[in-house]
Amino acid sequence: MIRLNDIIDKVTAYKEISDNELDLIKKAYIYSAKVHAGQTRISGEAYLSHPLEVSAILADLKLDISTISTGLLHDTVEDTLATIQEIDDLFGKDIAFLVDGTTKISKLEYVSKLESQAESFRKFILATAKDIRVVLIKLADRLHNMRTLKYLPEDRRIRISQETMDIYAPLAHRLGINWINTELEDLAFQFSNPKDYRKVTKLVSSKKKEWRNYLNEVKNTISSKLNELNIDADVTGRFKHNYGIYKKMQFQSKDFEKVYDILAFRVLTNSENECYQTLGAVHTIWKPIPGRFKDYIALPKTNGYQSLHTTVLGPLGEQVEIQIRTKDMHEYAEYGVAAHWNYKEQNGNGSYEMYSMLRKLVEHKDIEDPAEFLDAIKGELISNLLYVFTPGGDLIELQRGATPVDFAYAIHSDIGDHCSRAMVNRALVSLDYKLKTGDTVEITINKEQKPNRDWLSFVVTSKAKTKIRSWLRTLENKKAEEIGKSIAERKLRDKGININDIFKKDKLTEILDKFELNNLEELYRAVGFGNISINDLIKFVKPEAELHTADKAYRIDKIIKNIRKDEMKDAVLVKGFNDIMTRFAKCCSPLPGESISGYITRGKGITIHKNDCPHLLEVDPQRKIEVEWDKKFNEQMPAKIFVECIDKPGILSKLTKTISSSDVNILRVEMDSIEIEKAKGVFNLTVDNVNQLIAVIESLKKVKGVLSVDRIFEESQEI
């Protein structure tokens, strides 16, 4: 077990500490030892070993005395009888804040592990937004827990490893702390996928002797060349870590023997100018591989990382990756934000310039759904990134696979909401176009444009997904509120109840308490969504009212008693009834394979809608009925798509050939020019099912000159 003196030695190696600072560390140690006395870890070690190890990791990051002390105290509030107030009284507000920021939310307050996990991360992120040291303590805590994970049961090892791979390792990477990211990835890989971990470890071990000889040859060649040029530099070689090799095998779908770049070399110089001189020297020794050079010195990554990356054909024709940077850049590459964090004493509180990535994390703090919140956090931490430019030359970091819509939301939410057209490198592209590093993107906005549900099928960034979903939820809530109000007013009026009388303050409070709601708007929404039966509301308001609340099946049977079947009788099965006329709503044109609901109309049979059709909100929930597709049905159904494309000769022929090649019948086509070099077309088709229509749409999107393809429906529909 590491000792307190070991931690003090680590600290004094990078800074002079005063007697008061030394006393603070010793005081934190004594307090931690006292409150954790008698506690042991699952490994059997005294619990105090954990805070000591965490504090030592923080010392390895060369952090300040308050942070080192917090490492010793970070579990006192969560795992002992100590309180934040007691920590504040003994150690001050700064350390109390750091301890509180790293303390989890109590699991007793939440009904599920997911909800508890989400709230813990929410608290952690908000604390990190105020002080970067919180995340550094949390990473140190997680790193030591991963180092001792073997003592936990298998199910917990797998769960914690997955959380580490999803959240903590990417977080360390995005903060530029390379050595913690690498160790967390390897440990998580070892415990979450032990079979593949052992396989990769064995393969690496079998090649190490051969690789060491190769490493020495390359190092000596580079060093000799640099000596000729009087460049004083450190040249090192290394093997990529096990998880890095495994990722390459998976991503490239290659066997171990065929994976390149397993060996990596690093050259550390004294100046930026020498970095470029070294690059030139390396390229005179070995031929560079086109497209594999990246200049992160001129264009640093958003986390501040700077380096030159090049891949060359080295000895024996092997691909060799070489990183070139100054010694200061290397310190930043290894320690990231911990190397250059901007801590200042301001009335006892820490402040720093928050990283853009952390600002993005904080933007998601108000997402209520725990699963959606955690997905958004994971999305922001994805390390597979690309870099594009605004027309003004600003660099924008996006997740790989991002589209112009993702770019628009990255600039500003309003630009994303009203994004109508995109130009990439001055050429018109579709909104689902996949951006590439180096692209210059320009967005045209139109205030009439609104977020489209279809955008969710191609956007990849968490901000875009969150904003689109939020807008759609707001729209649905507003619609449900209007419908619920209309239903309530009409039904109450039919029973001779004055709606203004019952929604006065005292009566409204009684109603809201009964249905566990907060305000009148929530009541209307609940009625609109069908979560509250209007009959239940009337019975509560006026118990003596004569209500016809007969069994639903009886009411439905009475309505449809004399309805005949129609020509589409074989398409849909109506639960509990036979011999019923059905028709399909034109507002959503449901297709086999899509989830559907039925709505009973007196004298007209049952209208079939898609489950997510907005018009379905407008119907009386009492008239909804369960329906499903008949699996034996094999006739074609009508569908309509809208295509926007560049107006050029032959484009219509390409579109029709693409549709026909998918065995889809074209009933009618309307094409028009809408502006310079731009055209639109509406195609009326018949398809077997929704999957066939999706396949047609995806095929059309790949046609050169096509800007967008969308499924469309009728503007309105009687329901």
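Undergrad: Would you take a moment to explain helix H3 (residues 49-60) for this structure?
TA: Think of an α-helix as 3.6 residues a turn; residues three or four steps apart then line up on the same face. Here H3 contains 12 residues, and its C-alpha end-to-end distance of 17 Å stays within 8% of the 16 Å for a straight helix at 1.5 Å per residue. Buried residues in H3 make contact with helix H1 (4-12), helix H2 (19-35), helix H4 (65-73), helix H9 (133-147) and helix H11 (178-192). Two residues or fewer after H3 comes lysine 62, characterised by a positive phi angle close to 60 degrees.

Undergrad: Where do I start with the packing of helix H10 (residues 154-174) against H11 in this structure?
TA: Geometry of a packed helix pair, given as the angle between the helix axes and the separation of the axes. The N-to-C vectors of H10 and H11 enclose an angle of 160 degrees; their axes lie 9 Å apart at closest approach. Relative to H11, H10 is oriented roughly antiparallel. The crossing of H10 and H11 is left-handed. Here Arg157, Ile158, Ser161, Thr164, Met165, Tyr168, Ala169, Pro170, Ala172 and His173 of H10 come into contact with H11, specifically with Ile180, Asn181, Leu184, Glu185, Ala188, Phe189, Phe191 and Ser192. In terms of residue class, the contact of H10 with H11 is made up of 11 nonpolar, five polar and two charged.

Undergrad: Any chance you could explain the sheet that holds strand E18 (residues 637-646) here in plain terms?
TA: Strand-to-strand pairing in sheets goes through backbone hydrogen bonds, with the strands running parallel or antiparallel. What the four strands build is an open sheet, ordered E19-E20-E18-E21; its pairing is antiparallel. Every interior strand has two partners, whereas the edge strands, strand E19 (665-675) and strand E21 (706-711), have only one. Each strand of the sheet is rotated relative to its neighbour by a mean of 20 degrees, with strand direction disregarded. Pairing geometry for E18 and strand E20 (residues 678-687), over 10 bridges, is antiparallel. Paired with methionine 637 across the two strands is valine 687, which belongs to E20. Against the sheet, helix H27 (residues 651-660) touches E18, E19, E20 and E21, its axis set at about 150 degrees to E19. Sheet strands touched by helix H28 (residues 690-701): E18, E20 and E21. Its angle to E21, the strand with the most contacts, is close to 165 degrees.

Undergrad: How should I be thinking about the side chain of glutamate 594 in this particular structure?
TA: As for its placement among the helices and strands, glutamate 594 is situated in the loop between strand E13 (582-584) and strand E14 (596-601). Exposure remark for glutamate 594: the relative accessible area of 12% places this residue in the buried category. Apart from the residues lying within four places of it in its own chain, the contact partners of glutamate 594 are Ser589, Lys610, Trp629, Val690 and Arg711.

Undergrad: What is the right way to read the side chain of glutamine 323 from this model?
TA: Note that glutamine 323 resides in strand E6 (residues 319-326). Discounting residues that sit within four places of it in the chain, glutamine 323 has contacts with Arg238, Phe265, Arg266, Val267, Tyr305, Ser307, Leu308 and His309.

Undergrad: Before we go on, may I ask you to explain the confidence of the model for the chain in this structure?
TA: Predicted coordinates in regions of low pLDDT should not be interpreted in detail. Across the chain, the average pLDDT comes to 83, with 87% of residues at 70 or higher. The model gives residues 546-552 a pLDDT under 50, and that stretch makes 13 contacts with residues more than four places away or in other chains.

Undergrad: Explain the sheet that holds strand E11 (residues 441-445) here, please?
TA: Judged by pairing direction, the sheet is antiparallel, and its three strands sit side by side in the order E10-E9-E11 without closing on themselves. Each end of this open sheet is capped by a strand with a single partner; those strands are strand E10 (427-429) and E11. Going across the sheet, the axis of each strand differs from the next one's by a mean of 35 degrees, ignoring polarity. For strand E9 (residues 419-424) and E10, the ladder comprises three bridges, and the chain directions are antiparallel. Within E10, the position partnered with valine 424 by the bridge is alanine 427. This element, helix H19 (residues 404-411), spans E9, E10 and E11 of the sheet and lies at about 80 degrees to E11.

Undergrad: Looking at this structure, I do not really get helix H15 (residues 327-335). What am I missing?
TA: Along H15, the positions that sit buried rather than exposed are Met329, His330, Tyr332, Ala333 and Glu334. In the segment just after H15, glycine 336 is the residue with positive phi, at about 55 degrees.

Undergrad: Sorry, what's going on with the pattern of salt bridges here?
TA: A side chain of one charge can pair with a side chain of the opposite charge when the charged atoms of the two come close. Scanning the model with the defined rule gives 21 salt bridges in all. Between lysine 93 and aspartate 88 there is a salt bridge, with the nearest N and O atoms lying 3.5 Å from each other. We classify lysine 93 as exposed; its relative accessible area is 58%. When the shortest N-O distance is used, the salt bridge between glutamate 670 and arginine 668 registers 2.6 Å.

What counts as what
Residues numbered from 1 in each chain as written. Predicted model: local features only at pLDDT ≥ 70, side-chain atom pairs only at ≥ 80, totals over all residues. Heavy atoms only, no water. Helix = DSSP H or I, 4+ residues; strand = E, 2+ residues; numbered from the N terminus. Expected span 1.5 Å × (residues − 1). Contact = heavy atoms within 4.5 Å. Axes fitted to C-alpha atoms, helices over the stretch in contact; angles between N-to-C directions. Parallel < 35°, antiparallel > 145°, perpendicular 65-115°, else oblique. Left-handed = near helix turned anticlockwise from the far one by under 90°. Nonpolar A, V, L, I, M, F, W, Y, C, P; charged D, E, K, R; others polar. Pairing = 2+ DSSP bridges. Buried < 20%, exposed > 50% of the residue type's maximum accessible area, 1.4 Å probe, protein only. pLDDT = per-residue confidence, 0-100. Salt bridge = Lys/Arg side-chain N within 4 Å of Asp/Glu carboxyl O.

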